[in-house]
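Topology and contacts: notes
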Amino acid sequence: DGSVVSWGHPSRGGDSSKVRDRLRTVQKVQAADCAFSAILADGSLIIWGYTCQPFIGGNWSAVQDQLKNARQIQSMGSTFLAILADGSVVAWGDPDDSEDWTEVQDQLVGVKEIKS
């Protein structure tokens, strides 16, 4: 039915109780070091896990408004990368894990897949 259940240590994403009601129609789930991200059927994202450090993948506040119509999600260490329906890429989390992707962000157009 597209719902997700998580368990484990709360600081490692094991506690999804704050977003449990929104974890419906889940299409894909991706884990990072201390967080999880799920793409819902409408292309929106739900992220849960360790959110109190700005460099951990669970803290997506800086890019939350950009994350609409996600097609794919991938993680590298404590960083998530999402491909949106228009082929653009949005990343959040630890810049050391993504080698400061902002230097090439304008070249990331028409992206179909990301692997880490």
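Residues numbered from 1 in each chain as written. Predicted model: local features only at pLDDT ≥ 70, side-chain atom pairs only at ≥ 80, totals over all residues. Heavy atoms only, no water.

**Looking at the pairing of strand β4 (residues 70–76)**
With 5 of 7 residues buried, β4 is to be regarded as a mostly interior element. With 6 bridges joining them, β4 and strand β5 (residues 79–84) adopt antiparallel strand pairing. The residue of β5 that forms the bridge with A70 is L84. Counting the residues between successive antiparallel strands, the hairpin from β4 to β5 contains 2 residues, one of them, G77, with a positive phi of roughly 60°. (Buried < 20%, exposed > 50% of the residue type's maximum accessible area, 1.4 Å probe, protein only. Helix = DSSP H or I, 4+ residues; strand = E, 2+ residues; numbered from the N terminus. Pairing = 2+ DSSP bridges.)

**Describing unusual backbone geometry**
Located in the positive-phi region is T25, a residue other than glycine, with phi close to 55°. Structurally, T25 is set in the segment before β1 (26–31).

**Structural notes on the sheet that holds β5**
Spatially, β4-β5-β6 is the arrangement adopted by the 3 strands of the open sheet, whose pairing is antiparallel. Bordering the open sheet on either side are β4 and β6 (89–93), each of which pairs with just one other strand. Mean inter-strand twist for the sheet, computed between neighbouring axes without regard to direction, equals 20°. (Axes fitted to C-alpha atoms, helices over the stretch in contact; angles between N-to-C directions.)

**Some remarks on the environment of A38**
Summarising the element assignment, A38 is placed in strand β2 (residues 35–40). Each C-alpha atom, one on A38 and one on R24, is 9.8 Å from the other, the two residues being 14 residues apart in sequence. When neighbours within four sequence positions are excluded, A38 is seen to be in contact with L23, V26, K28, V29, S44, L45, I46 and W48. (Contact = heavy atoms within 4.5 Å.)

**Examining the side chain of Q30**
As for its placement among the helices and strands, Q30 is situated in strand β1. Side-chain polar atoms of Q30 contact the side chain of S75, separated by 3.1 Å. (Polar contact = N/O pair within 3.5 Å; in protein donor to acceptor, adjacent residues only side chain to side chain.)

**A look at the pairing of strand β3 (residues 45–49)**
β3 sits mainly inside the fold: 4 of its 5 residues count as buried. Of the strand pairs in this sheet, β2 and β3 are connected by 5 bridges, and their pairing is antiparallel. Along β3, the bridge assignment pairs A35 with G49. In this antiparallel pair of consecutive strands, β2 and β3, the connection spans 4 residues, and G43 shows a positive phi of 85°.

**Let's talk about the nonpolar core**
Membership of the largest hydrophobic core comes to 15 residues, with the highest contact counts inside it found for L45, W60, L67, I73 and W92. Aside from chain neighbours lying at most four places away, what touches I73 is Q30, S37, I39, L45, F80, L81, A82 and W92. The next biggest cluster of nonpolar side chains, apart from the first, holds 8 residues, and it includes V19, V26, I46 and W48. (Core = buried A, V, L, I, M, F, W, Y, C linked by side-chain atoms within 4.5 Å.)

**Looking at the packing of aromatic side chains**
Evaluation of the coordinates by the stated rule reveals 2 aromatic pairs. Here the aromatic rings of F36 and W48 are separated by 5.5 Å at their centres, their planes lie at 15°, and the arrangement is stacked. Placement of F36 in strand β2 and of W48 in strand β3 is noted, with a sequence separation of 12 residues between them. Its relative accessible area of 23% is what places F36 among the partly exposed residues. Taking the relative accessible area as the measure of exposure, W48 reaches 4% and is therefore buried. (Phe/Tyr/Trp six-rings, centres within 6.5 Å; stacked < 30°, edge-to-face > 60°.)

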